[in-house]
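So the chains spell out like this:
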Amino acid sequence: QVQLVESGGGLVQAGGSLRLSCAASGSTYRINAMGWYRQAPGKQRDLVATLSNSGTTNYADSVKGRFTISRDNAKNTVYLQMNSLKPEDTADYYCNAHSILYWPTDYWGRGTQVTVSS
(Lines give C-alpha, C1' and ligand atoms only; values in the text may rest on other atoms or scores of the structure.)
Protein backbone atom coordinates (compact mmCIF):
# COMPACT_ATOMS: atom_id res chain seq x y z
CA GLN A 1 0.00 0.00 0.00
CA VAL A 2 3.07 2.23 -0.37
CA GLN A 3 4.27 3.33 -3.79
CA LEU A 4 7.79 4.64 -4.43
CA VAL A 5 8.89 6.52 -7.54
CA GLU A 6 12.55 7.34 -8.16
CA SER A 7 13.89 10.06 -10.43
CA GLY A 8 17.10 11.93 -11.13
CA GLY A 9 19.27 9.20 -12.58
CA GLY A 10 21.32 9.66 -15.71
CA LEU A 11 24.78 9.86 -17.19
CA VAL A 12 27.50 11.90 -15.52
CA GLN A 13 31.26 12.16 -15.81
CA ALA A 14 33.54 11.03 -13.00
CA GLY A 15 33.79 13.73 -10.35
CA GLY A 16 30.35 15.08 -11.13
CA SER A 17 27.18 15.15 -9.07
CA LEU A 18 23.62 13.89 -9.25
CA ARG A 19 20.65 14.14 -6.93
CA LEU A 20 18.21 11.27 -6.79
CA SER A 21 14.67 11.74 -5.53
CA CYS A 22 12.18 9.20 -4.21
CA ALA A 23 8.57 10.22 -3.73
CA ALA A 24 6.42 8.04 -1.48
CA SER A 25 2.66 7.87 -1.76
CA GLY A 26 -0.17 5.77 -0.43
CA SER A 27 -0.17 4.67 3.20
CA THR A 28 2.98 6.57 4.10
CA TYR A 29 2.17 6.41 7.81
CA ARG A 30 3.39 2.83 7.62
CA ILE A 31 6.97 3.93 6.87
CA ASN A 32 9.55 3.72 9.66
CA ALA A 33 12.64 4.42 7.54
CA MET A 34 13.62 5.07 3.96
CA GLY A 35 16.81 4.46 2.09
CA TRP A 36 18.70 3.84 -1.10
CA TYR A 37 20.16 0.60 -2.39
CA ARG A 38 22.09 -0.07 -5.57
CA GLN A 39 22.78 -3.03 -7.78
CA ALA A 40 25.65 -3.06 -10.26
CA PRO A 41 25.76 -5.52 -13.16
CA GLY A 42 26.57 -9.00 -11.91
CA LYS A 43 26.39 -7.99 -8.25
CA GLN A 44 23.84 -8.21 -5.46
CA ARG A 45 21.76 -5.30 -4.25
CA ASP A 46 23.60 -3.45 -1.49
CA LEU A 47 22.70 -0.73 0.98
CA VAL A 48 23.84 2.80 0.11
CA ALA A 49 22.20 4.96 2.78
CA THR A 50 19.22 4.89 5.14
CA LEU A 51 17.33 7.53 7.08
CA SER A 52 14.95 6.71 9.92
CA ASN A 53 11.94 8.75 10.95
CA SER A 54 13.93 9.89 13.99
CA GLY A 55 16.65 11.32 11.75
CA THR A 56 19.29 8.63 12.21
CA THR A 57 21.41 8.07 9.11
CA ASN A 58 23.50 5.12 8.01
CA TYR A 59 25.91 5.01 5.06
CA ALA A 60 27.87 2.35 3.31
CA ASP A 61 31.59 2.82 3.87
CA SER A 62 32.15 3.24 0.14
CA VAL A 63 30.01 6.40 -0.05
CA LYS A 64 30.74 8.11 3.28
CA GLY A 65 31.86 11.68 2.73
CA ARG A 66 30.50 11.74 -0.82
CA PHE A 67 26.77 10.95 -0.55
CA THR A 68 24.16 12.57 1.66
CA ILE A 69 20.66 11.29 2.34
CA SER A 70 17.98 13.79 3.33
CA ARG A 71 14.21 14.14 3.43
CA ASP A 72 11.38 16.57 2.89
CA ASN A 73 8.60 15.41 5.18
CA ALA A 74 6.04 17.76 3.64
CA LYS A 75 6.57 16.10 0.27
CA ASN A 76 7.11 12.54 1.58
CA THR A 77 10.30 12.57 -0.43
CA VAL A 78 13.80 11.31 0.31
CA TYR A 79 16.85 12.51 -1.60
CA LEU A 80 20.31 11.17 -2.26
CA GLN A 81 22.88 13.84 -3.09
CA MET A 82 25.75 12.13 -4.86
CA ASN A 83 29.02 14.06 -5.17
CA SER A 84 32.47 13.12 -6.42
CA LEU A 85 30.98 10.28 -8.41
CA LYS A 86 33.20 7.41 -9.47
CA PRO A 87 32.75 4.83 -12.24
CA GLU A 88 32.26 2.20 -9.52
CA ASP A 89 29.08 4.05 -8.50
CA THR A 90 27.47 2.96 -11.77
CA ALA A 91 24.41 0.91 -10.88
CA ASP A 92 20.65 0.78 -10.76
CA TYR A 93 19.58 2.71 -7.67
CA TYR A 94 16.46 1.60 -5.81
CA CYS A 95 14.44 3.48 -3.25
CA ASN A 96 13.37 1.48 -0.21
CA ALA A 97 10.78 2.10 2.48
CA HIS A 98 10.77 -0.05 5.60
CA SER A 99 7.82 -0.54 7.91
CA ILE A 100 7.63 -2.18 11.32
CA LEU A 101 3.91 -1.58 11.68
CA TYR A 102 2.24 -4.91 12.57
CA TRP A 103 5.07 -6.89 10.92
CA PRO A 104 8.29 -6.10 9.04
CA THR A 105 7.57 -4.98 5.49
CA ASP A 106 9.74 -3.58 2.71
CA TYR A 107 8.56 -1.55 -0.26
CA TRP A 108 10.65 -0.94 -3.37
CA GLY A 109 10.65 1.47 -6.27
CA ARG A 110 11.30 0.45 -9.85
CA GLY A 111 14.83 1.85 -9.82
CA THR A 112 16.70 4.56 -11.67
CA GLN A 113 19.93 4.04 -13.58
CA VAL A 114 23.10 5.96 -12.76
CA THR A 115 26.04 5.72 -15.14
CA VAL A 116 29.37 7.37 -14.33
CA SER A 117 31.86 7.61 -17.18
CA SER A 118 35.61 7.79 -16.66
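Residues numbered from 1 in each chain as written. Predicted model: local features only at pLDDT ≥ 70, side-chain atom pairs only at ≥ 80, totals over all residues. Heavy atoms only, no water.

Visitor: Honestly, the overall build of the protein chain in this entry has me stumped. Any pointers?
Guide: A tally of helices and strands in the protein chain yields zero helices and 11 strands. What you see in the protein chain, going N to C, is helices and strands ordered as β-β-β-β-β-β-β-β-β-β-β. Projected onto its principal axes, the C-alpha positions of the protein chain cover 45 × 25 × 25 Å. Sequence-distant contacts in the protein chain: of pairs separated by 6 or more residues, those separated by 24 or more amount to 53%. Entry remark: accessible area of the protein chain is about 6,500 Å², with carbon and sulfur atoms responsible for 47%. Averaged over its 11 positive side-chain charges, the protein chain has a centre that lies 4 Å from the centre of its 8 negative ones. (Helix = DSSP H or I, 4+ residues; strand = E, 2+ residues; numbered from the N terminus. Contact = heavy atoms within 4.5 Å. Areas by Shrake-Rupley, 256 points an atom, 1.4 Å probe, with all protein chains shown as cover. Lys, Arg positive; Asp, Glu negative; His and termini not counted. Charge placed at Lys NZ, Arg CZ, Asp CG, Glu CD.)

Visitor: Mind showing me how you'd approach the sheet that holds strand β1 (residues 2–7) here?
Guide: What holds strands together in a sheet is hydrogen bonding between their backbones, with the strands either parallel or antiparallel. Sheet architecture is open: four strands sit in the order β1-β3-β8-β7, paired in antiparallel fashion. A single partner strand is all that each edge strand has here, and the edge strands are β1 and β7 (67–72). On average, adjacent strands in this sheet sit at an angle of 20° to one another, irrespective of strand direction. The pairing of β1 with strand β3 (residues 18–26) spans six bridges and is antiparallel. The partner of Q3 across the bridge, within β3, is S25. (Pairing = 2+ DSSP bridges. Axes fitted to C-alpha atoms, helices over the stretch in contact; angles between N-to-C directions.)

Visitor: How do you make sense of the pairing of β3 when you look at a structure like this?
Guide: Side-chain positions along a regular strand alternate between the two faces of the sheet. Inspection of the sheet shows β3 paired to strand β8 (residues 77–82) by six bridges, in the antiparallel sense. Bridge pairing in β8 links L18 to M82.

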